Structure formats: structure tokens, C-alpha cells
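This is what each chain is made of:
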Amino acid sequence: MSQKDENDVTILCRCEDITIEEVRSYIQRGITDLEQLKRLLRVGMGPCQGRTCTPLLVNELARATGQEIKRIHLTVFRQPTTPVKLGVLAGGTDHEENS
Amino acid sequence: MKKTADYVVIGGGVIGCSIAYHLAQKGAKNIALIEKKYLTSGATGRCGAGVRMQFGTETNCLLAKHSVELFENLEEELSYDGSIEFKQGGYLLLAYTEKMVEQFHKNLGIQHQLGIPSSWVTPEEAKEIVPYLNTQGLLGATFCPKDGHCNPFKTTDAYAKAAQKLGVEIMTYTEVTELLAQEGRIKGVRTREGIIETPVVILCAGSYSRDLAATIGIELPITPERHQILVTEPVEKMQEPMVMSFYHGLYCQQVPHGGFVMGLGDPNEPKEYNYNGSWQFLHEMAAKATFILPPLANLRVVRQWAGLYDLTPDRQQILGSVPGCEGFHLAAGFSGHGFMIAPMTGKLMAEHILGEPTSLPIQMFDFSRFERGDLFIEPSVV
Ligand SMILES: Cc1cc2nc3c(=O)[nH]c(=O)nc-3n(C[C@H](O)[C@H](O)[C@H](O)COP(=O)(O)OP(=O)(O)OC[C@H]3O[C@@H](n4cnc5c(N)ncnc54)[C@H](O)[C@@H]3O)c2cc1C
């Protein structure tokens, strides 16, 4: 998405390839709700479900809005906790057969 | 917080945001939209966001057709600075019984009269459209290349932003606890932050509309029903259209981001507010999806969630004024197809509320049809 040189960006969400600059530009436009940021920017929507990026994101939000970190509600973690193949769930293949 | 408003829209889903925008766009002033959590926190943010014109009644075909036309130009109409990710990869509706074949042919007749570019396809032709489709047991299908998918978060955001630009005040994290009425007229709403006086309320709170209407003694025949859904990891583009089987109760499509979004209905689902996911769903969904589309067995499920259909006795929305309470309008009960008709619904509701003639008839969706026993039956819904 970003046009910048690799050296210029800091990836915040690795699954969805979202930089801290993109997050900041959304926050600057007034989107300071974690739920909204997630849905409009896809941060935390990838396979790790925000395990890596959510703490960073919460920090960013807290700093930008002057809120205490503990006041920022986390978004819901959803099952499955690790990505599982449909074939496995259907009962057909072994877990990592074709990976 | 606002103390008075000329119009209060309750519910920040795609329907509420579309109505608020259309009202403002037509010149209405002093509009407040109230949402108990964040925008898209209800069915809209949980839906499959499929958009199709292949219905079995003229009314729904028209609603959907006009909505597709609006979706096609929505970014420009709303001057949206992002993309609503409208993809028109088609919908392939599978027929597995003679009865379905017959019904689909009837539907095509109606669709063709209205200029919807759908057609009957043989199992072999269906396989050309989706090469890895398992045609076992398949009698044929209908296909409309102009059907598709749209990002529900972005679509709602686009309506909300455009509404705000026109002066609509959007109040999130504000729950309406009670409607206020007196002598057969709406007077206002009570929220957790205080009362807003208003002569006009438009209720579009999904299933929760029932609870709010009950606060002024109006009984809405709307019940919640859980529907579950999942998304896989994103992969290279491999499937253009939405594949949908009324027989299996499932739909499955690859969204522009690359993930496959698929869902399944369960006819035995209790009618209650429950949006927790279940392992049974994951297994059943996986079994059915990999039967119809075998290569999907290699895709990993990233997330599973659930949302509520707001069901009426005929699985069709209630649109219009609520009799016995002046100033009270309703747009709820959309079952599983409210997202795709949201653009046109917002426009029609705004016209109705402002007392203009509506661009399409809406009286078949009126509140009193249940009392009259005049149900609106649509043969092609999940
Ligand atoms: C799993 C699933 C899949 C679906 N797939 C499709 C599909 O492919 N295509 C399609 O067209 N449709 C689909 N639908 C249906 C579609 O999601 C809905 O019809 C549509 O989103 C309805 O929008 P809405 O704005 O009426 O309701 P909602 O999006 O539910 O909005 C209602 C809002 O009201 C708010 N609210 C509730 N109570 C209060 C209160 N007391 N005070 C303030 N606010 C309140 C809620 O928080 C919510 O945000 C699906 C639905 C589900 C659940």
C-alpha cells in the first residue's frame, strides 16, 4: 500500500502489512476507537488476530488521545486460536499435511 | 449532548447510516444518529456482505437492482476518499432438486422482465465459471455476472462520513433505553446520557428494535436468530463469484482482500440473542464447503464469528410508519439480505419520512401486513 522506501516505514501489523504511519494518519483523522481502526484499516484482522500489533496499537492510541492504556478496551479474540485448515475441520486431512 | 433534534435515527448499521445520509441529502436538518456501540457493531459488521439481484419477486429484484446501481457509483455520490471495494464477480446459485430448478426458472422470468442479466447454466457451464466446483448431484444453476460483494465497514463509513458532512450528528457509545411517546405521538428518546426531544424517530436497531418499540407498547414481530460465518487466510484470486446453495443453506465467496468468507444457516437455531461461535458450525461449514468446493480444504480458517438475523414471520423487512404513533418510522427485520438493499432502502425511507412519493412502492413491507395475514413471500432467501 505505502509508496515509501522500505527503510522509511515501520510495520505495525505484520499480517496485514500496515505501517505505523498509516495508523497515525487514521488517528489524525479522528478515528481513535480501536474497534473502528481495526475495521477500517484491518489492523489485527490477520491470522495472528492482533497478538503482535494490538499492544503497539493500544500504545499509539493512548499516546495520541492522552488516555491511560488500561482505559482502552481490547477487541474480541475469536476462535480458532491458530489457523486450522478447512480440510482438517471437515475431518479429511492431517493438520499440516500440505503446508 | 444534543437536547433536541428534528430527526433521531436509532442504529448505526448500514441501514441507519444510509437513511441518515439520504434524509440530510434531501435537505432535512438537525438529524441525530444514535448508536449504542460503534458503527457496524451489529449485523452489518458481521455479515457476508454479498450483493445479488437474483430474487424471486419483482419487488426484491427491483430493490436489489436499484441498489446495485447505487453501489456502482457510491464512492462518487458520497465523495468517499477510500474504496468500498465493490466487486462484481457474480453469484452462482446452485439447484439440487427439481423443485429448485422450476423455481429458478420462474425467478429468471421475473428477473429478465426487469433487465437483470441472469441466466440458466448447466452443470458443465457452472464448472466453467468455477472450475473446481464439484457438480455431483447438481442439476444446474443460475448466474448473474453483475452480482457481487462490498466491504460492509467501508460502505457504512462512506454513508456515515457523507451524512456528517451534511450536518448529521453521529453519537456512538450512546444507548437508547426508551422511546418516549404521548397521545399517539413520538416525543423523544431517553438515552443513557439524557433525553433528546424529537418529533420523528426512525428505528433501525436490527433485532433490538423489538425491545425499543416495546417501551411504548408496540409489539414488533421481529426475532433474533444467530447465523455463523468464518473467514480464511487470504490467498491468490481463485474464485470470482459467490457460490450459494439454498439446499445446503450456505454461501461462500472470495472477497477482494483474498480471504474466503462463508456462512451457513441452521434452521434449528433458537430465536434468542446469542452471538457466540460454536465448534459444531466450524465442522459443518468445513464439511459442506469442501464438498462443494474441494480445493478449499487447503485453506486455513483465521476467524469465526456470529451475528443476528432480524427475522419477521415472512423473512422480509418492515418499512414505513408505525400505525398508532405519529412520527415513528421503522426499517428493521431485514433477515439475511439487508446489506445489499441498504442503498435503495435509505433513499425510499427518506422519501417516505419527508412525505414525498417513493421511487419504488414500499407498502408491501408495511407493519400491518402481519395482522392482515398478507405476508410477503420471497422464495429465494437463506
Ligand atoms: C452472518 C450474517 C451474514 C449475512 N450476510 C448477508 C449478505 O451476504 N448480504 C446481505 O445483504 N445481508 C447479509 N446479512 C444481513 C445484513 O447483515 C443485515 O440485514 C443488515 O446488516 C442490517 O443492517 P441494519 O443497519 O438494519 O442492522 P445492524 O447492522 O444490526 O444495525 C443496528 C444497530 O443498532 C444498534 N443498536 C441496537 N440497540 C440499540 C439501542 N438501544 N440504542 C442505540 N443503538 C442500538 C446496534 O448496536 C447496531 O449497530 C447477514 C447477516 C448475518 C448476521
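All figures in this text were calculated on a predicted structure; none of them were measured in a lab.

A.B. asks: So what's going on with the sheet that holds strand 19 (residues 328-332) of chain B? Which residues, and what values?
C.D. replies: Residue and element names in this part refer to chain B. Reading across the sheet, the 6 strands line up as 8-2-1-12-19-18 and stay open at both edges, with mixed pairing between neighbours. Sheet topology places strand 8 (169-171) and strand 18 (318-321) at the edges, where each strand pairs with a single neighbour. Strand-to-strand twist of the sheet, defined as the mean angle between neighbouring strand axes without regard to direction, takes the value 15°. Judged from the 3 bridges that link them, strand 2 (residues 31-34) and strand 8 form a sheet pairing that is parallel. Pairing of Leu33 across the sheet is with Ile170, part of strand 8. Strands in contact with helix 1 (residues 14-25) are strand 1 (7-10), strand 2, strand 12 (201-203) and strand 19; relative to strand 2, the strand with the most contacts, it is inclined by about 175°.

A.B. asks: Describe the pairing of strand 14 (residues 242-245) of chain B, and please don't skip the residues or the numbers.
C.D. replies: Residues and elements named next belong to chain B. Both faces of strand 14 are covered, namely the face carrying Met242 and Met244 and the face carrying Val243 and Ser245. Relative to strand 14, strand 4 (residues 91-95) is paired through 4 bridges, and the arrangement is parallel. Across the sheet, Leu93 pairs through a bridge with Met244, a residue of strand 14. Strand direction decides the pairing type here: strand 14 and strand 15 (residues 250-254), joined by 3 bridges, are antiparallel. Within strand 15, the residue paired with Ser245 across the bridge is Leu250. Here strand 14 hands over to strand 15 after 4 residues, with Gly249 in that stretch at a positive phi of 70°.

A.B. asks: Describe in detail the interface of chain B and chain A, supporting the description with residues and values.
C.D. replies: Across the contact, 32 residues belong to chain B and 28 residues belong to chain A. Interface area for chain B against chain A, summed over the two sides, is near 2,700 Å², with a carbon-plus-sulfur share of 56%. Of all residues in chain B, the largest losses of buried area upon contact with chain A belong to B:Tyr38, B:Arg300 and B:Arg303, amounting jointly to 24% of the total for that side. Our count for the contact surface shared by chain B and chain A stands at 1 salt bridge.

A.B. asks: Please set out the site of the ligand residue by residue, giving values where relevant.
C.D. replies: Residue and element names in this part refer to chain B. Contacts to the ligand come from 39 residues, most closely from Glu35, Thr44, Gly50, Val176 and Met340. A distance of 2.9 Å is found between an oxygen atom of the ligand and a backbone nitrogen or oxygen belonging to Ala43. Calculation on the ligand without its partners gives an accessible area of 1,000 Å², and the protein chains cover 97% of this total. Of all the secondary structure elements, the ones that give two or more residues to the shell around the ligand are helix 1, strand 13 (223-232) and strand 17 (300-311). With 3 residues, strand 17 is the single largest residue contributor to the shell around the ligand. Residues that form the shell around the ligand fall into these classes: 19 nonpolar, 16 polar and 4 charged. Built from parts of two domains, the shell around the ligand gets at least three residues from each of domain 1 (7-47 + 153-222 + 314-372) and domain 2 (87-148 + 227-306).

A.B. asks: Help me get a handle on the packing of aromatic side chains, residues and values and all.
C.D. replies: Residues and elements named next belong to chain B. Following the criterion strictly, the structure yields 7 aromatic pairs over all chains and no others. Here the aromatic rings of Phe71 and Phe86 are separated by 5.4 Å at their centres, their planes lie at 35°, and the arrangement is tilted. A residue pair is termed long-range when its members are at least 10 positions apart, and Phe71 in helix 2 (residues 58-72) and Phe86 in the loop between helix 3 (74-77) and strand 4 qualify at 15 residues. An aromatic cluster is built from Phe71, Phe86 and Phe339, whose rings are joined through pairwise contacts. Taking the ring centre of Tyr208 as reference, the NZ or CZ of Lys36 above it sits at 3.6 Å. It is Arg46 that lies over the ring of Tyr275; its NZ or CZ is 4.6 Å from the centre.

A.B. asks: Tell me about the UniProt feature "domain: FAD dependent oxidoreductase" (unreviewed entry) in chain B, residues and numbers included.
C.D. replies: Following the UniProt record, the feature "domain: FAD dependent oxidoreductase" (unreviewed entry) maps to residues 6-351 of chain B here. Annotated as residues 6-351 of chain B, this span is 28% helix and 27% strand, and its ends, taken at the C-alpha atoms, are 16 Å apart.

Reading the values: rules and limits
- Residues numbered from 1 in each chain as written.
- Chains lettered and ligands numbered in written order.
- Predicted model: local features only at pLDDT ≥ 70, side-chain atom pairs only at ≥ 80, totals over all residues.
- Heavy atoms only, no water.
- Pairing = 2+ DSSP bridges.
- Helix = DSSP H or I, 4+ residues; strand = E, 2+ residues; numbered from the N terminus.
- Axes fitted to C-alpha atoms, helices over the stretch in contact; angles between N-to-C directions.
- Contact = heavy atoms within 4.5 Å.
- Buried < 20%, exposed > 50% of the residue type's maximum accessible area, 1.4 Å probe, protein only.
- Buried area = accessible area lost by both parts, 1.4 Å probe.
- Salt bridge = Lys/Arg side-chain N within 4 Å of Asp/Glu carboxyl O.
- Near = heavy atom within 4 Å.
- Polar contact = N/O pair within 3.5 Å; in protein donor to acceptor, adjacent residues only side chain to side chain.
- Areas by Shrake-Rupley, 256 points an atom, 1.4 Å probe, with all protein chains shown as cover.
- Nonpolar A, V, L, I, M, F, W, Y, C, P; charged D, E, K, R; others polar.
- Domains from an automatic or database assignment.
- Phe/Tyr/Trp six-rings, centres within 6.5 Å; stacked < 30°, edge-to-face > 60°.
- Lys NZ or Arg CZ within 6 Å of the ring centre and 35° of its normal.
- UniProt positions renumbered as here; feature names shortened; annotations may be inferred.

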